[in-house]
Amino acid sequence: SPLVFEEYDGEGPMTPEQIYASVKDTNVGILVYYNGQMIGEGSGIIVGEDDSKAYTYIITAAHVIKDSGIDIQVQLSDETEVDGTIIGHSACQYLFS
């Protein structure tokens, strides 16, 4: 379901409490399962929805979801868990000279 963000009135700088309240529900837990056993976990951030609002997109680190044959559960801020589907991933490589 769509997230509801606390409205900011634009008056002065935001307090730490206002910042936290406005972003806390975008942070999610990523629970990784293999053959019904939890084998890992990580964090993710909700970045948006598709135009139909049927899908919510979450970004997490590639190493959290890199294994094949895994199942994903997304844990929301209220500890509700929902099924997740991996739609793609890419590992970033940095080169230094």
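Residues numbered from 1 in each chain as written. Predicted model: local features only at pLDDT ≥ 70, side-chain atom pairs only at ≥ 80, totals over all residues. Heavy atoms only, no water.

Visitor: Sorry, what's going on with the overall build of the protein here?
Guide: A tally of regular secondary structure across the protein gives 1 helix and 5 strands. For the protein, the sequential pattern of α-helices and β-strands runs α-β-β-β-β-β. Restricting the contact set of the protein to residue pairs at least 6 apart, pairs at least 24 apart contribute 36%. Looking at the protein as shown, the accessible area adds up to about 7,600 Å², and 52% of this sits on carbon and sulfur atoms. (Helix = DSSP H or I, 4+ residues; strand = E, 2+ residues; numbered from the N terminus. Contact = heavy atoms within 4.5 Å. Areas by Shrake-Rupley, 256 points an atom, 1.4 Å probe, with all protein chains shown as cover.)

Visitor: For this particular structure, what's the right way to read the pattern of salt bridges?
Guide: Counted according to the given criterion, the structure contains 3 salt bridges. In this structure, Lys24 engages Asp25 in a salt bridge whose closest nitrogen and oxygen atoms are separated by 3.3 Å. Assessed through its relative accessible area of 32%, Lys24 is described here as partly exposed. For Asp25, a relative accessible area of 24% translates into the label partly exposed. Two residues, Asp67 and Lys66, come together in a salt bridge whose shortest N-O distance is 3.3 Å. (Salt bridge = Lys/Arg side-chain N within 4 Å of Asp/Glu carboxyl O. Buried < 20%, exposed > 50% of the residue type's maximum accessible area, 1.4 Å probe, protein only.)

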